[in-house]
Amino acid sequence: MRARAAVLSLSYAFLLRWIWSAQTLQKASAVCTCKNLTICEQSCNATEEIHDFICFGQRIAPDIVDYKCIWNLKPYSTYKLYTQQSCKQREMENQSMISKSFALTKLNMTAYAIAVSEDRKRCTIAKFTGFPSQMIRCDPPNENNVRFKRNQGYLSVTAEWGDKSVKQYYVKYREQNSTLWKQVQSQNTRDCIVGNLTSYMSYEMHIQCVVTTECPQCPLSEVISVPQEFVDAPTIKEINEKPFKTGQRIVIMEWQYVHSEAVENYNVTISKASGELAGVSSYILKTPTMKLILCYSAYIISINAFNRAGLSPPVYRFIEAKENQSALDETFNVNVKSNNSFRLSWNKKLSREYACYSVEWWGSGEKISYESFFVKKPYHDIKTKNVTFQPYKRYHFFLHARPDKDTCNLKNINDSEQTYGRAHAYLLEGIPLTAPGNVSVSNVTQSSFVLTWSPVAEEDLCGFLQGYIIYYGDALGNIKKNITVDPHMNSYKLINLQSRNEYHVQLSAYTAAGQGKRSALTYIKTNPDAIAIGGMLAGVVVGIIALLLAVHVCCRLLHRSKNLLWPSIPNPCNSNAVQKIEGGQELEMFEPLYRQNLEETEEHVSVVEVKKDACCSSKLAFISQDCKKATLTPVTVAEDTLTPQSPTHLSTTDSVSAEAILTDSNKNDSALVPPINTSDSSEDSTANTMVDTSNTRAIDCVPTTVAKPAVVFVSDYTTMELFQQISKAGDQDPPSQTGNSDTVPSNSGQDYIRQALSFAENSQHERCF
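Thresholds applied
- Residues numbered from 1 in each chain as written.
- Predicted model: local features only at pLDDT ≥ 70, side-chain atom pairs only at ≥ 80, totals over all residues.
- Heavy atoms only, no water.
- Helix = DSSP H or I, 4+ residues; strand = E, 2+ residues; numbered from the N terminus.
- Buried < 20%, exposed > 50% of the residue type's maximum accessible area, 1.4 Å probe, protein only.
- Contact = heavy atoms within 4.5 Å.
- Areas by Shrake-Rupley, 256 points an atom, 1.4 Å probe, with all protein chains shown as cover.
- Core = buried A, V, L, I, M, F, W, Y, C linked by side-chain atoms within 4.5 Å.
- Polar contact = N/O pair within 3.5 Å; in protein donor to acceptor, adjacent residues only side chain to side chain.
- Pairing = 2+ DSSP bridges.
- Patch = residues over 30% accessible without salt bridge, like charges linked within 9 Å, V, L, I, M, F, W, Y side chains within 5 Å.
- Salt bridge = Lys/Arg side-chain N within 4 Å of Asp/Glu carboxyl O.
- Disulfide = S-S within 2.5 Å.

**Side note on the overall build of the protein**
Stage number 1. Each helix and strand counted, the protein has nine helices and 44 strands in total.
Stage number 2. In the protein, which comprises 769 residues, the proportion classed as buried is 40%.
Stage number 3. If you take every contact in the protein between residues at least 6 apart in sequence, the share linking residues at least 24 apart comes to 66%.
Stage number 4. Counting every atom, the protein has about 43800 Å² of accessible surface; 52% of that belongs to carbon and sulfur.

**Side note on the nonpolar core**
Stage number 1. Met253, Trp255, Val268, Ile270 and Met290 are the most contacted members of the largest nonpolar core, which has 26 residues in total.
Stage number 2. At the level of secondary structure, the elements contributing two or more residues to this core comprise strand E15 (248–256), strand E16 (265–272), strand E18 (282–285), strand E19 (289–294), strand E20 (299–307) and strand E22 (315–319).
Stage number 3. When residues of this core are assigned to their parent elements, the largest contribution, four residues, is made by E20.
Stage number 4. If sequence neighbours within four positions are ignored, Met253 has contacts with Glu238, Ile239, Val268, Pro288, Thr289, Met290, Leu292 and Ile301.

**Brief notes about the side chain of Thr384**
Stage number 1. Within the secondary structure layout, Thr384 lies in the loop between strand E27 (379–383) and strand E28 (394–402).
Stage number 2. Of the residues examined, Thr384 reaches a relative accessible area of 8% and is grouped as buried.
Stage number 3. Of note is the side chain of Thr384, whose polar atom sits 2.7 Å from the backbone oxygen of Val387.
Stage number 4. Look past the residues within four positions of Thr384 in its chain and what remains in contact with it is Asn340, Ser341, Phe342, Trp361 and Phe389.

**Some words on the pairing of strand E36 (residues 502–511)**
Stage number 1. Counting buried residues along E36, seven of its ten residues qualify, which places the element largely inside the surrounding structure.
Stage number 2. Taken together, the four bridges between E36 and strand E38 (residues 522–525) define a ladder with antiparallel strand orientation. The residue of E38 that forms the bridge with Val505 is Thr522.
Stage number 3. One ladder, built from three bridges, connects E36 with strand E37 (residues 514–518); its direction is antiparallel. Of the residues in E37, the one forming a bridge with Ser508 is Arg518.
Stage number 4. In this antiparallel pair of consecutive strands, E36 and E37, the connection spans two residues.

**Topic: a nonpolar patch on the surface**
Stage number 1. Taken together, the side chains of Ile300, Tyr316 and Phe318 define a hydrophobic patch exposed on the protein surface, amounting to about 310 Å² of accessible area.
Stage number 2. Tracing the chain through its elements places Tyr316 in strand E22.

**Let's talk about the pattern of salt bridges**
Stage number 1. Here the structure, examined in full by the defined rule, presents 17 salt bridges.
Stage number 2. One salt bridge in this structure joins Glu143 and Arg308, with 2.6 Å as the shortest N-O distance. Of this pair, Glu143 sits in the loop between strand E6 (123–130) and strand E7 (146–151) while Arg308 sits in the loop between E20 and strand E21 (310–311), placing them 165 residues apart in sequence.
Stage number 3. We classify Arg308 as partly exposed; its relative accessible area is 30%.
Stage number 4. In this structure, Lys237 engages Glu254 in a salt bridge whose closest nitrogen and oxygen atoms are separated by 3.4 Å.

**A few points about unusual backbone geometry**
Stage number 1. Although it is not a glycine, Tyr392 adopts a positive phi angle of roughly 60 degrees.
Stage number 2. Residue position: Tyr392 is located in the loop between E27 and E28.
Stage number 3. With a phi close to 55 degrees, Asn443 is a non-glycine residue in the positive phi region.
Stage number 4. Classification of Asn443 as exposed rests on a relative accessible area of 56%.

**What about the state of the cysteines?**
Stage number 1. Scanning all chains against the criterion turns up four disulfides.
Stage number 2. The disulfide partner of Cys138 is Cys215, and the S-S distance across this bridge is 1.9 Å. Taking the sign of the S-S torsion, -80 degrees for the link of Cys138 and Cys215, the bridge is left-handed. Residue Cys138 is found in the loop between E6 and E7, and its partner Cys215 is found in the loop between strand E12 (203–209) and strand E13 (224–226); the two are separated by 77 residues along the sequence.
Stage number 3. Assessed through its relative accessible area of 1%, Cys138 is described here as buried.
Stage number 4. Note on Cys215: relative accessible area 1%, which makes it buried.
Stage number 5. For Cys356, the disulfide goes to Cys408, at an S-S distance of 2.2 Å. Linking Cys356 and Cys408, the disulfide has an S-S dihedral of approximately -75 degrees and is accordingly described as left-handed. A residue pair is termed long-range when its members are at least 10 positions apart, and Cys356 in strand E25 (residues 356–363) and Cys408 in the loop between E28 and strand E29 (410–412) qualify at 52 residues.
Stage number 6. On the accessibility criterion, Cys408 (11% relative accessible area) is buried.

Pasting the structure below:
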């Protein structure tokens, strides 16, 4: 019961309070006037918080000030403003909470603003008090009235103030994302310069007037962004041209910029090289590409990147005039009448389609001139103003037709005219000043060669080129000819020439005024005939083959003559028998011949007796070139000098006893020969005998005893002759059988040796004869 009573009492109290509040709001809204604003303030401020509420004045003329009040409050449906100075009620705009303008006197004023909700259950009130002279505000210009430009680290700011009472202002700036603000005061009402900025940095700035008596209130402007400065020019990537139709071409350009993220737009300016102005020649683009339709004139293109801070340095590109279109030739004619006038003439069909024209002309190294005109006739006379035509100088002309007939001025640089034709003219023609250059010869054959040259420069022609004259002849002066060729040719083939003949060539260019200077002499020699070359090659080949054969035959003849005249003598050192003798070993077939003699006698020494005899005797052991005879004489050796092993084998030191001494009458040399068993009468002979062979020219020679040499037998004679001497010695003195019967050689061995020696002797005898 108590809880229920408490709930009822609370509900009753809330109802009473609501009724009182409603009555109070109704009463406040109904009776709030200038006289009871204090009561209204007490009744509304109890429920709502007071928000910003200001009043200010703006000078619209030097002596006229409009005042307004602003209340930053939302959301209420009804706003009312009361000014206590004039005690008037004014409505405030619901959306902007700005009152309408009102006037005030110089006295102090108090303003009340009351806001009531739509359901009239809530209300709030705001109050402002101030002197009108202190309430005047000099607002900063909006962002559209503030211009700035950056250049080489400086920022130039220009502000357009609505209040003429502003004499100076401040520029507060900082680097983007920085907290440090800097301030610079302007030099006058409009201009302010800020220095020492970093070119690649972006900045933020405020503008605020300087406080004066005319401007007691100077609020800050909104933040104005200053982008980075452009210090680099754009880069043109490529410019491509392709034909569109006769007299027009499509030009496609593409470029780029290194700081493209800071670029707002690109400014592309296109102008004619002649200087003719167009109604539209600049284009603002967002993308770095552009497509144009242009005539065949020369153009100058410049491209800038820009943002609010300014333009970048421009990049320029010159588009050459398209003069290599032969389809435009002979479409119209130019006749230069004097040094300051000329006449144009063209086809009548063109006059039916076009009435506006433009003509451009220029000489080499001169600026392009132009003139536009309106004419319906197929000809037109033009008198130049600042251009004077020079003799011997070529001038180029372009005639452009324009479709617009209201005025013949260039309306738009893009797709506004078409080139109709081109022409060239001289005031006065002359002869060429120079000869064709770079004269060269190629493809030389037996009867022709190709002559190549470079054309004469345009400034040296002094007239229209009519052609070239080729002068050629032989070195002897028997042939002198000249040939005329077309002006468009730069090479010519001379034919029907003589082979293996030397020619000289000269060239010259000529115009309507005459022939120009000749080139220097160029000498050429034609190739020989193919048959002559083949014959020469065949002769060379046959000669080489004959020489090789002759060398081969001569070598064979020389070899055979040498064998016949100077027969080769074998080297006994290469004989197997001599090698065995030098090695200290006895041949088994010699052992029976001298074994018994070695056992019975004390020493055996072989002495060479040189006797002069007839050449090639059948009993000689050896025949020399001096017809000297070498015989072997046995000499006894002491028996006690032999070692016990001597009956079977000889030692190395005693092997000398088995050598023979052979003398050569030409070389005075001596040699050892193997010992031979002789008859018993040889024991009574002298122990050692030496023969002096240095002067053996007499019939009889005196023997001389010499010591046994210790050298190996060396001779130029064959070993077979040694065998012959041994066999003869054995036949004359057979060995005695005083010792052991084993030392007697068998008859079969002696027969074998005799047969071998007899065969060798007969062979030697045949060689001698």
